[in-house]
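Descriptive structure summary
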Amino acid sequence: NPDLNRSLLLATGVPASALIEPDRIHDNTAQELQTLHRLVDEHRWHRLILVSSTYHLRRIRFAAWREFRGTDLQLLLHASRYDPAVPARWWTRRSDVRWMLEEVPKLAAYVLGLGA
């Protein structure tokens, strides 16, 4: 939800002037990274920090590497400090099991080149 994301960013102290809202709704991570690539080129950014949930981070890392391969962009990836996930013990909590069941097939699709 874009409105919720905006509200959360503003609540954590990110100034409204620092927010860039995409011109379209994205269906998947690859589309989000394509938009980021366009913004990186447009603004001539040299470094990009991507923050996501712990379980989603591996897929983002793979997709971002694929999207920005051959560029000079420095990519930094971090799990959100607000993410309560415990990947080292994923089988012990129902929410972590759900994340794994949802994320593993998506990661496999990206590795196989299907996540575009």
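Above: the structure in question.
This report concerns the structure included in the present document.

Parameters at a glance
Residues numbered from 1 in each chain as written. Predicted model: local features only at pLDDT ≥ 70, side-chain atom pairs only at ≥ 80, totals over all residues. Heavy atoms only, no water. 1 Å grid on protein atoms, 1.4 Å probe; cavity = no way out; pocket = protein on both sides within 12 Å on 5 of 7 lines; lining within 4 Å. Points joined across faces, edges and corners; volume = space filled by probe spheres on them. Helix = DSSP H or I, 4+ residues; strand = E, 2+ residues; numbered from the N terminus. Nonpolar A, V, L, I, M, F, W, Y, C, P; charged D, E, K, R; others polar. Pairing = 2+ DSSP bridges. Axes fitted to C-alpha atoms, helices over the stretch in contact; angles between N-to-C directions. Parallel < 35°, antiparallel > 145°, perpendicular 65-115°, else oblique. Left-handed = near helix turned anticlockwise from the far one by under 90°. Contact = heavy atoms within 4.5 Å. Expected span 1.5 Å × (residues − 1). Buried < 20%, exposed > 50% of the residue type's maximum accessible area, 1.4 Å probe, protein only.

**A short note on the layout of surface pockets**
Approximately 2100 Å³ is the volume attributed to the largest pocket. Forming the boundary of the largest pocket are 44 residues, of which N5, L9, E32, V51 and S52 lie nearest the centre. Those elements that place two or more of their residues in the lining of the largest pocket are helix 1 (2–11), helix 2 (29–43), strand 1 (47–52), helix 3 (54–68), strand 2 (74–79) and helix 4 (94–111). Ranked by residue count, the leading element in the lining of the largest pocket is helix 2, at six residues. When its residues are assigned to classes, the lining of the largest pocket shows 21 nonpolar, twelve polar and eleven charged. Lining the second largest pocket, in full, are T54, Y55, L57, R58, R61, P87, M100, E103, V104 and L107. Listed by contribution, the elements that provide at least two residues to the lining of the second largest pocket are helix 3 and helix 4. Tallied by class, the residues present in the lining of the second largest pocket amount to six nonpolar, one polar and three charged.

**Let's talk about the pairing of strand 2**
As judged from the six bridges shared by strand 1 and strand 2, these two strands associate in the parallel manner. In the sheet register, V51 faces strand 2, and the bridge partner there is H78.

**Considerations on the packing of helix 3 against helix 4**
Axis separation between helix 3 and helix 4 bottoms out at 8 Å; the angle between their running directions is 15°. With respect to their mutual orientation, helix 3 and helix 4 come out roughly parallel. Along this stretch, helix 3 crosses helix 4, giving a crossing that reads as left-handed. Across from Y55, H56, R58, R59, F62, A63 and R66 in helix 3, the residues of helix 4 making contact are D96, W99, M100, E103, K106, L107, Y110 and V111. In terms of residue class, the contact of helix 3 with helix 4 is made up of eight nonpolar, one polar and six charged.

**What to know about helix 4**
When the terminal C-alpha atoms of helix 4 are compared, their 26 Å separation across 18 residues agrees well with the 26 Å that a helix rising 1.5 Å per residue should span. Where helix 4 is concerned, the buried positions are D96, E103 and Y110. Buried residues belonging to helix 4 abut helix 2 and helix 3. Phi for G113, located one or two positions after helix 4, is positive at around 85°.

**A few points about the packing of helix 2 against helix 3**
For any two helices packed against each other, one specifies the inter-axial angle together with the distance between the axes. Two elements in contact, helix 2 and helix 3, have axes separated by 10 Å at closest approach and are oriented at 50°. Of the possible angle classes, the one that applies to helix 2 and helix 3 is oblique. Helix-helix and strand crossings are classified by hand; for helix 2 and helix 3 the assignment is right-handed. Across the interface between the two elements, T29, A30, L33, Q34, L36, H37 and V40 of helix 2 pack against H56, R59, I60, A63, A64, R66, E67 and F68 of helix 3.

Keep in mind that these numbers describe shape and distance, not what the molecule does.
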